[in-house]
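Here are the chains, one letter per residue:
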Amino acid sequence: MWVVIGDDPGDFNLEEAVVLDERKMYIRGKRRLEFLGDAVLDYRITMHLYNKYPGMSPGMLTDLRSASVNNDCYTQSAVKVELHKRILHGSQDLHRAIVNTVHDFDHLSLKSTFGWESKTSFPKVLGDLIESLAGAILVDSGYDKERVFQSIRPLLEPLVTPETLKLHPVKESHDICQKNHYKVKTISQA
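Residues numbered from 1 in each chain as written. Predicted model: local features only at pLDDT ≥ 70, side-chain atom pairs only at ≥ 80, totals over all residues. Heavy atoms only, no water.

Colleague: It is not clear to me how unusual backbone geometry should be interpreted in this structure. Could you clarify?
Modeller: Of all residues except glycine, most have a negative phi; of all peptide bonds, most are trans. Across the junction of Glu157 and Pro158, the peptide omega takes the value -5°, indicating a cis bond. Turning to its location among the elements, Pro158 is positioned in the loop between α6 (145-156) and α7 (169-179). Residue Tyr143 is not a glycine yet carries a positive backbone phi of 65°. Looking at the element boundaries, Tyr143 is found in the loop between α5 (124-140) and α6. Owing to a relative accessible area of 31%, Tyr143 belongs among the partly exposed residues under this scheme. (Helix = DSSP H or I, 4+ residues; strand = E, 2+ residues; numbered from the N terminus. Buried < 20%, exposed > 50% of the residue type's maximum accessible area, 1.4 Å probe, protein only.)

Here is the structure:
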């Protein structure tokens, strides 16, 4: 929950926290770096897509953003640059999931994250690595969103384009029907 400046902080039970550059900030509960990283990556990738494809319909821009900002993209990026080797954990299940993901990585197409069909489920912690890294860069850079995107973008390459985007078949059918002004009728079962 974000607190608006001017609100009475007494109502929110805030704690004082000192960030890396010794600035104070007030939080309610503990905020995680991946939350900050996810938010800034979502924003910067959306702005990148908006600037690169200015005439695009809002629906297509939303589809591109969803395909670009997802755990599968982040997981593959983390494995590609071997960040999985830096995870400290004591879980055999997590270890097995990471080993399986890394083993299957060479057989996966990077384009498999460009839309709805993910043939593999990935451990969330791998995607969280990219988000946490982005969050750490955000804090260390004095909240410079552009620096975060420029730092993380090489890890996320190749980015999705309108040509590589794969829509879910139901959404694709719905979009075609809307574009051609077809009426969609639901068939009730007897």
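Colleague: When you look at the layout of surface pockets in this model, what are you seeing that I'm missing?
Modeller: Empty space left among the atoms is revealed by rolling a probe the size of a water molecule over them. Within this model, the second largest pocket holds a volume of roughly 200 Å³. Taken together, Ser57, Gly59, Met60, Asp63, Leu167, Lys171, Asp175, Ile176 and Lys179 make up the full set of residues lining the second largest pocket. Those elements that provide at least two residues to the lining of the second largest pocket are α2 (58-68) and α7. Among the elements that line the lining of the second largest pocket, the one with the most residues is α7, at four residues. Tallied by class, the residues present in the lining of the second largest pocket amount to three nonpolar, two polar and four charged. (1 Å grid on protein atoms, 1.4 Å probe; cavity = no way out; pocket = protein on both sides within 12 Å on 5 of 7 lines; lining within 4 Å. Points joined across faces, edges and corners; volume = space filled by probe spheres on them. Nonpolar A, V, L, I, M, F, W, Y, C, P; charged D, E, K, R; others polar.)

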